[in-house]
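One letter stands for each residue in the lines below.
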Amino acid sequence: DETTARRKDAHLDLCATGDVEPAQNSTLLEHVHLIHCAMPEMAADEVDLSTPFMGKALRAPLLVTGMTGGTERAGVVNRDLALLAERHGLAFGVGSQRAMAEDTSRTASYAVRDVAPTVALVGNIGLYQAVGLGVDGVRRLADAIGADGMALHLNAGQELTQPEGDRDFRGGYQVVEALARAFGDRLLVKETGCGIGPDVARRLVELGVRNVDVSGLGGTSWVRVEQLRAHGSQAQVGAEFSGWGIPTAAAIASVRKAVGPQARLVASGGVRGGLECAKVLALGADLAGMALPLFRAQQQGGLAGAEDALKVILTALRQALVLTGSRNVAELRQRPRVVSGALKDWLAAL
Ligand code: FNR
């Protein structure tokens with residue numbers, strides 16, 4: 001209905017200019033130190049960042065995580081960022097397709113195949129919307145935009161802070177299991193900034209999920225976004241929880257340890273530069289994921305502005321591999337690294 005689309009536009013306004021990344025929150029990636037190699041003994045152009053994802057071959061291990069759709073403005077964001085992903089060999093996700101499930105005339109704002117014919121394209125729906133849509137309904141959403149796979153997002157923290165949000169979180173694993181059976185390795189389960197920990201990840205993988213985006217604490221806080229929209233007691237509770245979550249560095253390292261090599265892991269949530277991409281890859285991610293920085297670059301500078309931002313990220317990522325003497329991510333993971341401070345405490349507990 002109308003309110004879904006209007007809420008989405010309010011979200012976009014807040015994310016474009018609002019204080020949606022509370023300064024006191026941290027990914028804890030500042031506690032990961034990759035170690036300099038003074039004699040790399042390799043050429044920069046030997047770095048090979050290619051990786052498989054959702055049946056496609058990416059040229060760099062980066063996913064533009066799902067953000068938007070449903071309005072004209074959202075359609076421009078999707079097309080600009082999908083075009084960039086196509087051009088640079090990244091993966092791209094659209095935002096929640098709830099608005100198009102409610103009104104199929106909104107499909108065009110999610111449709112990017114004409115500008116991104118070969119990109120690894122990921123659809124998106126919330127876990128509790130998927131309950132109502134069923135496996136067939138979710139499959140129709142993916143097919144309608146020619147997606148290679150589907151992301152199922154978890155956002156209990158956001159829902160509880162949203163006055164009109166869900167309050168009943170029962171039956172989730174049952175839905176995940178049905179979708180994993182239907183989509184196989186084309187299903188991705190993701191959080192939205194509060195993180196997926198090792199226990200939940202292990203259970204998801206046991207049910208057949210083969211792609212997990214931990215989307216941890218330290219970047220965009222959806223509790224904060226809803227806090228900024230809420231009033232009275234709801235806003236006060238939101239303020240108290242806008243630092244809630246598992247920091248991204250702790251989530252990715254502990255989830256990799258918990259699930260072993262049998263799942264493809266994405267690390268998003270506050271990953272902001274190429275060096276941070278290298279850090280999450282070293283900790284066990286197969287792909288780094290980013291939402292807010294690319295959205296903001298697009299809002300401020302259009303396609304060219306977003307491409308400039310992306311080039312800085314990709315150049316810095318490659319530089320991190322050269323300066324650790326790594327030709328690829330497998331070699332990067334074998335290099336020693338220092339883990340300090342609070343991250344050590346998190347990893348001792350998880
Ligand atoms: C999001 N995110 C998101 N996630 C999702 O699964 N469905 C969605 O519709 C949206 N919408 C959305 C809009 C905007 C403007 C932003 C910035 C983000 C969450 C996103 O995919 C990601 O998980 C978090 O934002 C954490 O990453 P960053 O922003 O810290 O890089």
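This report concerns the structure included in the present document. Everything quoted here is computed from the prediction, not taken from an experiment.

What counts and what doesn't
- Per chain, residue numbering runs from 1 following the sequence as it is written.
- Totals for whole chains, interfaces and linings use every residue, but because this is a predicted model, local features are given only for residues with pLDDT of at least 70 and side-chain atom pairs only at 80 or more, for both listing and counting.
- As a rule here, side-chain values come from all non-hydrogen atoms in the structure, and water together with hydrogens is ignored.
- Under the DSSP-based scheme used, a helix requires at least four consecutive residues in state H or I and a strand at least two consecutive residues in state E, with every element numbered from the N terminus.
- By this rule the span expected of a helix is its residue count minus one, scaled by 1.5 Å.
- Partly exposed describes any residue whose relative accessible area lies between the buried limit of under 20% and the exposed limit of over 50%, with all areas from a 1.4 Å probe on protein chains only and scaled to the type maximum.
- Only strands joined by at least two bridges in the DSSP assignment are considered to pair.
- Handedness is read with the strands pointing away from the viewer; a crossover is right-handed when the path from the first strand over the helix to the second is clockwise.
- Pairing of aromatic rings covers Phe, Tyr and the six-membered ring of Trp, with a centre-to-centre limit of 6.5 Å; geometry is then stacked below 30 degrees between planes, edge-to-face above 60, and tilted otherwise.
- Any Lys NZ or Arg CZ that is within 6 Å of a ring centre and within 35 degrees of that ring's normal is treated as a charge sitting over the ring.
- Polar contacts here mean pairs of N or O atoms no more than 3.5 Å apart (in protein, one a potential hydrogen donor and the other a potential acceptor; neighbouring residues in sequence count only if both atoms are side-chain atoms).
- Here a residue-residue contact requires only that any non-hydrogen atoms of the pair lie within 4.5 Å.
- The rule is simple: put a 1 Å grid over the protein atoms alone, call a set of points where a 1.4 Å probe fits but cannot get out a cavity, call an open set with protein on both sides within 12 Å along at least five of seven lines a pocket, and count a residue as lining if it has an atom within 4 Å of a point.
- Grid points are joined across faces, edges and corners, and a volume is the space filled by probe spheres set on the points.
- Basically, the charged four are Asp, Glu, Lys and Arg, the nonpolar ten are Ala, Val, Leu, Ile, Met, Phe, Trp, Tyr, Cys and Pro, and anything else, Gly included, counts as polar.

Remarks on helix α2 (residues 72–88)
Here is step 1: Taking 1.5 Å per residue, 17 residues should reach 24 Å; α2 reaches 25 Å between its end C-alpha atoms and fits that length.
Here is step 2: Phi for G89, located one or two positions after α2, is positive at around 70°.

Focus on the pairing of strand β7 (residues 149–153)
Here is step 1: Of all five residues that make up β7, five are buried, and the element is covered over most of its length.
Here is step 2: Here β7 shows a buried face lined by G149, A151 and H153 and a second buried face lined by M150 and L152.
Here is step 3: Taken together, the five bridges between strand β6 (residues 120–126) and β7 define a ladder with parallel strand orientation. By the bridge assignment, N124 is partnered in β7 with A151.
Here is step 4: After leaving β6, the chain enters helix α4 (residues 127–144) and then returns to the sheet as β7, a path that is right-handed.
Here is step 5: As paired elements, β7 and strand β8 (residues 187–190) share four bridges and run parallel to each other. Counterpart to H153 in the pairing with β8 is K190.

Re the packing of aromatic side chains
Here is step 1: On inspection of all chains with the given rule, the structure shows two aromatic pairs.
Here is step 2: Summarising the aromatic geometry, the rings of Y128 and F169 are spaced 5.7 Å apart at their centres and angled 70° between planes, so their arrangement reads as edge-to-face. A residue pair is termed long-range when its members are at least 10 positions apart, and Y128 in helix α4 and F169 in the loop between α5 (156–161) and α6 (172–183) qualify at 41 residues.
Here is step 3: Y128 gets classed as partly exposed once you look at its relative accessible area, which sits at 23%.
Here is step 4: In this structure F169 comes out as partly exposed when scored by relative accessible area, which is 28%.
Here is step 5: Arranged with centres 5.4 Å apart and planes meeting at 55°, the rings of F241 and W244 form a pair that is tilted.
Here is step 6: What makes W244 exposed here is its relative accessible area of 55%.
Here is step 7: A cation over an aromatic ring shows up here: R139 above the ring of F183, its NZ or CZ 5.5 Å from the ring centre.

Notes on the side chain of R296
Here is step 1: Checked against the element boundaries, R296 lands in helix α12 (residues 292–323).
Here is step 2: In terms of polar contacts, R296 uses its side chain to reach the backbone carbonyl oxygen of C15, at 2.8 Å.
Here is step 3: At a separation of 3.2 Å, a polar atom in the side chain of R296 contacts the main-chain carbonyl oxygen of A16.
Here is step 4: The residues contacting R296, other than those within four sequence positions of it, are L14, C15, A16, T17, G18, V20 and E21.

Structural notes on the layout of surface pockets
Over the atoms, a rolling probe the size of a water molecule traces out where space has been left empty.
Here is step 1: Looking at the largest pocket, its volume works out to about 490 Å³.
Here is step 2: Lining the largest pocket are 22 residues, with L154, A156, E191, G195 and V200 positioned closest to its centre.
Here is step 3: Elements that contribute at least two residues to the lining of the largest pocket include exactly α4, α5, α6 and α7 (198–206).
Here is step 4: By residue number, the principal contributor to the lining of the largest pocket is α7, which donates four residues.
Here is step 5: In terms of residue class, the lining of the largest pocket is built from 14 nonpolar, six polar and two charged.
Here is step 6: If you add up the space inside the second largest pocket, you get close to 160 Å³.
Here is step 7: What lines the second largest pocket is L34, I35, H36, L275, A316, Q319, A320, L323 and T324.
Here is step 8: Of all the elements, α12 adds the most residues to the lining of the second largest pocket, at four residues.

Interpretation in functional terms is not warranted from these geometric data alone.
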